[in-house]
Amino acid sequence: MLDVKLETLLVVTECKNFTKAAEILSLTQPAVSNHINQLEKECNAKLFVRGKGDFKLTEEGKIAVTYARRLKALHQKMLTKIQDEQRHVSRFRIGITHTSENNTIMETLAKYVNQNSETSITIITETINILYDMLENYELDIAIVEGKRLSSKLNYFMLDTDYLVCALSNDNVLSKQSMVTVNELKKQNMILRLPTSATRQLFEASLIGINDSIENFNVSLQVDNVATIKDLVRKDLGVSVLPKSACMSDVRKGKLTILPIENLSMVREMNIAYNKDFDHVEVLKNIVQLYQSTIKIY
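Residues numbered from 1 in each chain as written. Predicted model: local features only at pLDDT ≥ 70, side-chain atom pairs only at ≥ 80, totals over all residues. Heavy atoms only, no water.

Participant: Help me understand the pattern of salt bridges in this model?
Facilitator: Taken as a whole and assessed by the stated rule, the structure comprises 15 salt bridges. The partner of Lys-111 in a salt bridge is Glu-107, and the shortest N-O contact between them spans 3.5 Å. Within this pair, Lys-111 and its partner Glu-107 are both found in helix α5 (residues 104-115), separated by 4 residues, close to a single helical turn. Of the residues examined, Glu-107 reaches a relative accessible area of 28% and is grouped as partly exposed. For Asp-231, the salt bridge identified is with Lys-235, shortest N-O distance 3.2 Å. (Salt bridge = Lys/Arg side-chain N within 4 Å of Asp/Glu carboxyl O. Helix = DSSP H or I, 4+ residues; strand = E, 2+ residues; numbered from the N terminus. Buried < 20%, exposed > 50% of the residue type's maximum accessible area, 1.4 Å probe, protein only.)

In structure tokens:
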């Protein structure tokens, strides 16, 4: 069982209020304060800055919360693994980015579950940085991400390579061309992913590589959801820069046009990231094989 003081720490951090945390934990407010005081004595450090109108974690507090999350996730994983062993079931929590949510990966995971009745998969969709944090805290078993983060704790399987393209409406005058230029894009209203997304970061880095900047473009709308962006582009409300894999279903159905962007080579890897102590590597190999056979269909 997770130390009650650590559970209190996590709830207080979430609520930013001792009284609200006490209500959630069914404790008195003095009991919550006592738990935090005891934990601070054990750590020999203040975990919170508490003042009028100010309630936030200290740097030591941030470290304590990181490890408390990890311990809670490991405790829950232990219980789940024991139950799964008794029931002969395998459960996996898989994190994917918003981009991956819209391509062959989802179909591959659904096929894997159908072919392996003893397997259960829970899919968590988040930004790439949050997925990495969840993975390193053992809140995920694997994450399907663009590129790689340098970490001594992680291993990777390459799933596929992908590249960014200009996505535009079939009614857009540029859709009749074989490619678009950067200068032509600057004259369009652009609907882009958020600056924190891997797609947006790769696009901006590629622009810097040709001595240009996103500031020179008319970014009229920034949206986190890829499906929403594609819907707006289909209605000719702007153009976007998206991974080819996220657009292919719409292209095959004749709903969207994609074109390369002249002088911008925006290739990236799609990888399966997992902790080095992950003990079901054979599952990852099977998923990669199934993914490869799925993309051949198209």
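That was the structure; now back to the text.
Participant: Explanation requested: helix α6 (residues 128-136) in the structure shown.
Facilitator: Since there are 3.6 residues in each turn of an α-helix, residues three or four apart along the chain are aligned in direction. All of the buried residues in α6 are Ile-128, Leu-131, Tyr-132, Met-134, Leu-135 and Glu-136. Looking one or two residues beyond α6, the residue adopting positive phi is Tyr-138, at roughly 65°.

Participant: What is the right way to read the side chain of Thr-119 from this model?
Facilitator: For Thr-119, the location among the structural elements is in strand β4 (residues 119-125). Among all residues touching Thr-119, those that are not within four sequence positions of it are Ser-90, Phe-92, Tyr-112 and Val-113. (Contact = heavy atoms within 4.5 Å.)

Participant: Hey, could you run me through the side chain of Thr-294 in this one?
Facilitator: Here Thr-294 lies in helix α11 (residues 281-297). A polar contact of 2.8 Å, which involves the side chain of Thr-294, links it to the backbone oxygen of Leu-290. Residues in contact with Thr-294, not counting those within four places in the same chain, are Thr-104, Glu-107, Thr-108 and Lys-111. (Polar contact = N/O pair within 3.5 Å; in protein donor to acceptor, adjacent residues only side chain to side chain.)

Participant: How do you make sense of the pairing of strand β5 (residues 142-146) when you look at a structure like this?
Facilitator: Walk down a regular strand and you will see the side chains alternate between the two sheet faces. For β5, the tally of buried residues reaches 5 of 5 residues, placing the bulk of the element in the interior. Neither face of β5 is open: one carries Ile-142, Ile-144 and Glu-146, the other Ala-143 and Val-145, and all of them are buried. Where strand β3 (residues 90-96) lies against β5, 3 bridges are found, and the strand directions are parallel. Note that in β5 the partner of Ile-94 across the bridge is Ile-142. In this structure, β5 lies alongside strand β11 (residues 267-275), joined through 5 bridges in antiparallel fashion. If you follow Ala-143 over to β11, its bridge partner there is Ala-273. (Pairing = 2+ DSSP bridges.)

Participant: How should a nonpolar patch on the surface be read in this particular structure?
Facilitator: A cluster of nonpolar side chains, Met-78, Leu-79 and Ile-82, forms an exposed patch at the surface whose accessible area comes to about 240 Å². Structurally, the position occupied by Ile-82 is in helix α4 (residues 59-87). Classification of Ile-82 as partly exposed rests on a relative accessible area of 43%. (Patch = residues over 30% accessible without salt bridge, like charges linked within 9 Å, V, L, I, M, F, W, Y side chains within 5 Å. Areas by Shrake-Rupley, 256 points an atom, 1.4 Å probe, with all protein chains shown as cover.)

Participant: It is not clear to me how the packing of helix α1 (residues 4-15) against helix α3 (residues 29-43) should be interpreted in this structure. Could you clarify?
Facilitator: Two numbers describe a pair of packed helices, the interaxial angle and the distance between the axes. For the pair α1 and α3, interaxial distance at closest approach is 9 Å and the crossing angle is 110°. The angle between α1 and α3 falls in the class roughly perpendicular. Read as a crossing pair, α1 and α3 show a hand that is left-handed. For the pair formed by α1 and α3, the contact residues are Val-4, Lys-5, Leu-6, Thr-8, Leu-9 and Val-12 on the first element and Val-32, His-35, Ile-36, Gln-38, Leu-39 and Glu-42 on the second. Taken together, the residues that form the contact of α1 with α3 break down as 7 nonpolar, 3 polar and 2 charged. (Axes fitted to C-alpha atoms, helices over the stretch in contact; angles between N-to-C directions. Parallel < 35°, antiparallel > 145°, perpendicular 65-115°, else oblique. Left-handed = near helix turned anticlockwise from the far one by under 90°. Nonpolar A, V, L, I, M, F, W, Y, C, P; charged D, E, K, R; others polar.)

Participant: What is the right way to look at the packing of aromatic side chains in this model?
Facilitator: Pairs of aromatic rings are described using the distance from one ring centre to the other and the angle between the two planes. Inspection of every chain in the model, using the stated rule, returns 5 aromatic pairs. Taken together, a centroid distance of 5.9 Å and an interplanar angle of 25° make the contact between Phe-157 and Tyr-274 stacked. In this pair, Phe-157 is assigned in strand β6 (residues 154-168) and Tyr-274 in strand β11, connecting sequence segments 117 residues apart. The partly exposed category is assigned to Phe-157, whose relative accessible area is 22%. Each member of the aromatic cluster is reached from another via a ring pair, and the members are Phe-92, Phe-157, Tyr-274 and Phe-278. Note that Arg-70 overlies the ring of Tyr-67, its terminal NZ or CZ placed 4.9 Å from the centroid. (Phe/Tyr/Trp six-rings, centres within 6.5 Å; stacked < 30°, edge-to-face > 60°. Lys NZ or Arg CZ within 6 Å of the ring centre and 35° of its normal.)

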